[in-house]
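So the chains spell out like this:
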Amino acid sequence: MLRLIAFVQLLLVVLYLGRIGLVGVFLATLCLMVLYLWVTKRSLDKIHTPLKYEDMPWLYDSVARMANRAKIKTPKVYILEDYIPNAYSFKDSIVLSLGLFEVLQENEILGVVAHEIGHIKNKDTLLFPLISYGRYWMITLSMLTLFSFNLRAILVSLILLLAYEHQRVRFFKKREFMADKAALYVLERPFDLKDALEELSYYEDLRIKVKENVLPGIEPKIERKQKKVFMEMHPPYDERIWKIMVEAAALDLMGKLN
Amino acid sequence: MSSMEPHEFKLTEEGLKAVLPPLEAEIMGYMWDVRVATAGEVYEKMKEKHPDLRRSTVSILMNRLCERGLLEREVSKGRGGMRYVYKITTTKEEFEQKVVESIFDALMANFKEATFAYLSKIKK
């Protein structure tokens, strides 16, 4: 669907702006590709430390074991100096914040790692940047259609942009569920991911409560400056936990039947 | 005013709880004993008294104490990999001194004559 929307947007620009539109599309694509390469080269900085076997043998071995089960190359693991629990993946690497180790137990950390392995297995580390940059590409093309001075073209272009945004959010949420599902197949104990999500959900709720209730006279600065999110990319914890429980129960049943 | 100075004083509470929320006061009480600890170590200690306590709570409160200036957090690289260790920034005595100074500064700023009168009364 996303590809179709992008293709129609491209057609619209070429149709109404002709050769100038084509040059504009080419330049926009080129600029975004350069930006992507520049950003990915700088994605690891001083606050990311590669994990060595001697640091945490239990984590190192478990990552290798889970990657083997997922039939992917063992991802590199980086530790991020951030006290807020966080995890993400890019290319064939996984980043875990130090805050994660403070809040979760070892088995729960493995649950989070399994989810990130799920993203790598599902090629999300390739798709997510592509679709995110596709958004900027769509915005640029929508702006280009303004030069057509054709109200119908401009309106259609804006509708296409909104449709892309809607589909992008749906796509990201779906891929989160898919990563959760993939994680259940690589984990020794599928409920480790559920336990991790419950603790992370509790952490986020508590952060809000601390901000609202405790000592109103003192401004709690421990809150990371949060961007106001127009459309949430991640599905709610409760929905993910519920789906994991259903999937885990189905896996268990299948195991018993076999 | 440095951030380690108290901003509130609850007349009905005892000890550190008069200037810090109860769990934060307990964490600081332990931290002043051990001086350096990880959030995990503090959690294990606190769990003895509060069995339902969660790691998240301890982590959030310790980071809050860092923002208050009572603790400082640094990355420790050693056996067991990287982790955050928390250290006290002030002794209990220094903190208590700050509490007293802050209260008297506030009293002198708002009720100067009454404060002087009371001080001279208790001096006698």
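Residues numbered from 1 in each chain as written. Chains lettered and ligands numbered in written order. Predicted model: local features only at pLDDT ≥ 70, side-chain atom pairs only at ≥ 80, totals over all residues. Heavy atoms only, no water.

Could you give me a rundown of the nonpolar core, with the residues and numbers involved?
Residues and elements named next belong to chain A. Ranked by internal contacts, the top residues of the largest apolar core, which has 67 residues, are L59 and L96. Every residue in contact with L59, bar those within four places of it in the chain, is listed here: L51, L96, F101, I109, L110 and V113. In this structure, L32, Y133, L160 and Y164 belong to the second largest nonpolar core, which totals 20 residues. (Core = buried A, V, L, I, M, F, W, Y, C linked by side-chain atoms within 4.5 Å. Buried < 20%, exposed > 50% of the residue type's maximum accessible area, 1.4 Å probe, protein only. Contact = heavy atoms within 4.5 Å.)

Go over the pattern of salt bridges with me, naming the residues and quoting the values.
Between side chains of opposite charge, pairing is possible as soon as their charged atoms come close. This structure, assessed with the given rule, holds 20 salt bridges over all chains. Among the ionic pairs, D124(A) bridges to R175(A), the shortest N-O distance being 2.6 Å. Here D124(A) is found in helix α5 (residues 124–145), whereas its partner R175(A) is found in helix α6 (residues 151–186), with 51 residues between them in sequence. Per residue, the accessibility class of D124(A) equals that of R175(A), and both read buried. Across the pair E44(B) and R55(B) runs a salt bridge whose closest N-O atoms are separated by 3.8 Å. With E44(B) in helix α2 (residues 39–49) and R55(B) in helix α3 (residues 55–68), this residue pair connects regions lying eleven residues apart in the sequence. Residues participating in the shared-partner salt-bridge network are R189(A), D192(A), K194(A), D195(A) and E198(A). (Salt bridge = Lys/Arg side-chain N within 4 Å of Asp/Glu carboxyl O. Helix = DSSP H or I, 4+ residues; strand = E, 2+ residues; numbered from the N terminus.)

Tell me about the interface of chain A and chain B, residues and numbers included.
Counting residues at the interface gives 28 residues for chain A and 25 residues for chain B. In total, about 2500 Å² of surface goes out of reach between chain A and chain B, with carbon and sulfur atoms giving 61% of it. For the pair chain A and chain B, the interface holds one salt bridge. A salt bridge links E199(A) to R54(B); the nearest nitrogen and oxygen atoms lie 3.0 Å apart. Inspection of the region where chain A meets chain B yields seven residue pairs in polar contact (both at pLDDT 80 or more). Where the side of chain A that touches chain B is concerned, the elements lending two or more residues are α3 (98–103) and α7 (191–213) of chain A. Among the elements that take part in the side of chain A that touches chain B, α7(A) stands out by supplying seven residues, more than any other. For the side of chain A that touches chain B, the class distribution of residues is 16 nonpolar, four polar and eight charged. (Buried area = accessible area lost by both parts, 1.4 Å probe. Polar contact = N/O pair within 3.5 Å; in protein donor to acceptor, adjacent residues only side chain to side chain. Nonpolar A, V, L, I, M, F, W, Y, C, P; charged D, E, K, R; others polar.)

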